[in-house]
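Here is what each chain is made of, one letter per residue.
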Amino acid sequence: MTIKAYEDSLMQYSDYIAHKQILLVVSPILLVIGTLGNVFSFFILMNNAKKASTYSYLSVLALMDLIVLYIGLFRHWLGLFVLDIEDMNNVLCKIVKFLGYFSSDTSVWLIVAVTIERTIVVMVPLKAPRFCNARNARITIATIITFFFLVNFHFLWSVKLQELSYNDTIISKCQAKPQYSYLVENIWPWVDAGIYSFVPFSVIIILNGFIIQNVISAKKARDILRQHSSFSSTGPKQRSQGEMNKKITFMLLAVSIAFLVTTLPMVIVLIYTSFAEDAGDDYSLTKRMLIETIAEMLMYTNHSINFFLYCATGKKFRNQFKSLICCCSKKNFQRQSTVNFTESYRLCKVNETDMNRIHVQKEDDGVQL
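Residues numbered from 1 in each chain as written. Predicted model: local features only at pLDDT ≥ 70, side-chain atom pairs only at ≥ 80, totals over all residues. Heavy atoms only, no water.

Caption draft 1: Main features of the overall build of the chain. Check the secondary structure of the chain and you find 11 helices and two strands. Counting helices and strands in the order they occur from the N terminus, the chain gives α-α-α-α-α-α-β-β-α-α-α-α-α. Put simply, the chain has 369 residues, and 36% of those count as buried. Considering only contacts in the chain between residues 6 or more positions apart, those separated by 24 or more positions represent 78%. In the structure as shown, the chain presents an accessible area of about 21400 Å², 65% of it carried by carbon and sulfur atoms. (Helix = DSSP H or I, 4+ residues; strand = E, 2+ residues; numbered from the N terminus. Buried < 20%, exposed > 50% of the residue type's maximum accessible area, 1.4 Å probe, protein only. Contact = heavy atoms within 4.5 Å. Areas by Shrake-Rupley, 256 points an atom, 1.4 Å probe, with all protein chains shown as cover.)

Laid out in structure tokens, this is it:
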């Protein structure tokens, strides 16, 4: 970990040291977990995308979570040792800012979209196939991506690399251009707070309430029906479809509840920093940086743990993950066996050729005698 010249005055505060240590230790753990989990999730969910439209949302969500982790978390961790990527040159400044906002907004609203879809399936199951299908899922995903691409496109011209003076040290920082400073520094934090936190947080809480209430009511209705009926009028295909919908519902409840829990601290921090007065001294600055770092680590946790939620709530997902691992291991074993056989075959051919040469040489020696 490198201590930069402008940080010398801040390193005397324990809160700033704690902030640096959290970035140093927690970031690589979340990066490893999130990378492996999202890659596995993407391949497994893509294989099931034709079976349920929900899996299309979740497979794209895995890709967006990967971008969030590497544009955000990896950049912060790498900045402990070298210069922050977005502060290296003007092009990276614009691209990193844009991708950071675009990927995080898209990720959150994919969760909102899949929660809306699940609400429709639970509340009006007979009309659900009309709205919740693969075609509509693709249209919704494309709309979300396009919308947030356009919403955050202004970062490609509203920010640039600028030189600032801090503690008698000249540093380069990716900041808003003077003519766009009010938009980027005053207006956009509220817009982003609404897009990333406040609105999706509220929507997911309300819809999850409807889903949970409906699931409980449906369970009570089934129990009453089971008590008054000696047989079931539901066919095997309908029961299978109902079981799949129920499992998907519980899986998505786990994802959306995890989102609420891990992003709540960030919502609180955004509200507090918006209304609290800035003290302006280094002690207050380091304390705020520590709180923001803890909230950010929880936020990045949300982009890292979906794979484990899928495994915990979906037996089918666990089985497919095991099959994927076993298939990869089997292929590696077969490839290694083929390589070993080829090498052994080559070695045998070489030995056979050498023996023939020795035999011929002996015969020639005999002739010469």
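Caption draft 2: Spotlight on the state of the cysteines. One pass over the full model with this rule turns up one disulfide. For Cys93, the disulfide goes to Cys174, at an S-S distance of 1.9 Å. Between Cys93 and Cys174, the S-S dihedral sits near 75°, and the bridge is therefore right-handed. Here Cys174 lies in strand β2 (residues 169-176) and Cys93 lies in helix α3 (residues 90-123), a separation of 81 residues in the sequence. Residue Cys93 is classed as buried on the basis of its relative accessible area, which comes to 0%. Overall, the relative accessible area of 6% leaves Cys174 in the buried class. (Disulfide = S-S within 2.5 Å.)

Caption draft 3: Broad picture of the packing of α3 against helix α5 (residues 134-151). One can describe the packing of α3 onto α5 by two numbers: an axis separation of 9 Å at closest approach and a directional angle of 145°. Classified by chirality, the crossing of α5 by α3 is right-handed. Facing α3, whose interface residues are Phe98, Phe102, Asp105, Thr106, Trp109, Leu110 and Ala113, α5 presents Thr140, Ile141, Ile144, Ile145, Phe148 and Phe149. For the contact of α3 with α5, a count of residues per class yields 10 nonpolar, two polar and one charged. (Axes fitted to C-alpha atoms, helices over the stretch in contact; angles between N-to-C directions. Left-handed = near helix turned anticlockwise from the far one by under 90°. Nonpolar A, V, L, I, M, F, W, Y, C, P; charged D, E, K, R; others polar.)

Caption draft 4: Structural context of the pattern of salt bridges. Following the criterion strictly, the structure yields five salt bridges and no others. Here Glu86 and Arg75 are joined by a salt bridge, their closest N and O atoms 3.7 Å apart. Pair noted here: Glu86 is in the loop between α2 (53-78) and α3 and Arg75 is in helix α2, with a separation of 11 residues, a long-range link. The class of Glu86 is buried, set by a relative accessible area of 7%. The class for Arg75 is buried, based on a relative accessible area of 11%. Between Lys173 and Asp87 there is a salt bridge, and its shortest N-O distance comes to 3.8 Å. Taken together, the positions of Lys173 in strand β2 and Asp87 in the loop between α2 and α3 put the pair 86 residues apart, joining distant regions of the chain. Under the relative-accessibility criterion, Asp87 is labelled buried at 5%. A network of salt bridges, in which partner residues are shared, links Arg75, Glu86 and Lys97. (Salt bridge = Lys/Arg side-chain N within 4 Å of Asp/Glu carboxyl O.)

Caption draft 5: Here's a closer look at the side chain of Lys94. Note on placement: Lys94 falls in helix α3. Put simply, Lys94 is tucked away with no salt bridge, and the nearest opposite charge, on Glu86, sits 12 Å away. Of note is the side chain of Lys94, whose polar atom sits 3.4 Å from the backbone oxygen of Leu156. Residues within four places of Lys94 in sequence aside, it is in contact with Phe155, Leu156, Trp157, Val159, Lys160 and Lys177. (Lys, Arg positive; Asp, Glu negative; His and termini not counted. Polar contact = N/O pair within 3.5 Å; in protein donor to acceptor, adjacent residues only side chain to side chain.)

Caption draft 6: Layout of α2. In a regular helix each residue adds 1.5 Å, so 26 residues correspond to 38 Å; α2 covers 37 Å between its end C-alpha atoms and thus fits that length. The axis of α2 is deflected most strongly, by about 30°, at Leu69. Within α2, 19 of the 26 residues are buried, leaving the element largely enclosed by the surrounding structure. (Expected span 1.5 Å × (residues − 1). Bend = angle between axes of the 7 residues up to and from the residue.)

Caption draft 7: Seen up close, the environment of Asn136. Secondary-structure assignment places Asn136 in helix α5. In terms of polar contacts, Asn136 uses its side chain to reach the backbone carbonyl oxygen of Arg130, at 3.4 Å.

Caption draft 8: Quick look at a nonpolar patch on the surface. Nonpolar side chains collect at one region of the surface, where Met123, Val124, Ile205, Ile206 and Phe210 lie side by side and expose about 430 Å² of accessible area between them. The leading source of residues in the nonpolar patch is helix α7 (residues 181-228), at three residues. Positionally, Val124 belongs in the loop between α3 and α4 (128-131). (Patch = residues over 30% accessible without salt bridge, like charges linked within 9 Å, V, L, I, M, F, W, Y side chains within 5 Å.)

Caption draft 9: Molecular detail of helix α9 (residues 282-302). Here α9 spans 30 Å end to end across 21 residues, near enough to the 30 Å set by a 1.5 Å rise per residue. Within α9 the residues assigned to the buried category are Thr286, Leu290, Thr293, Ala295, Met297, Met299, Tyr300, Thr301 and Asn302.

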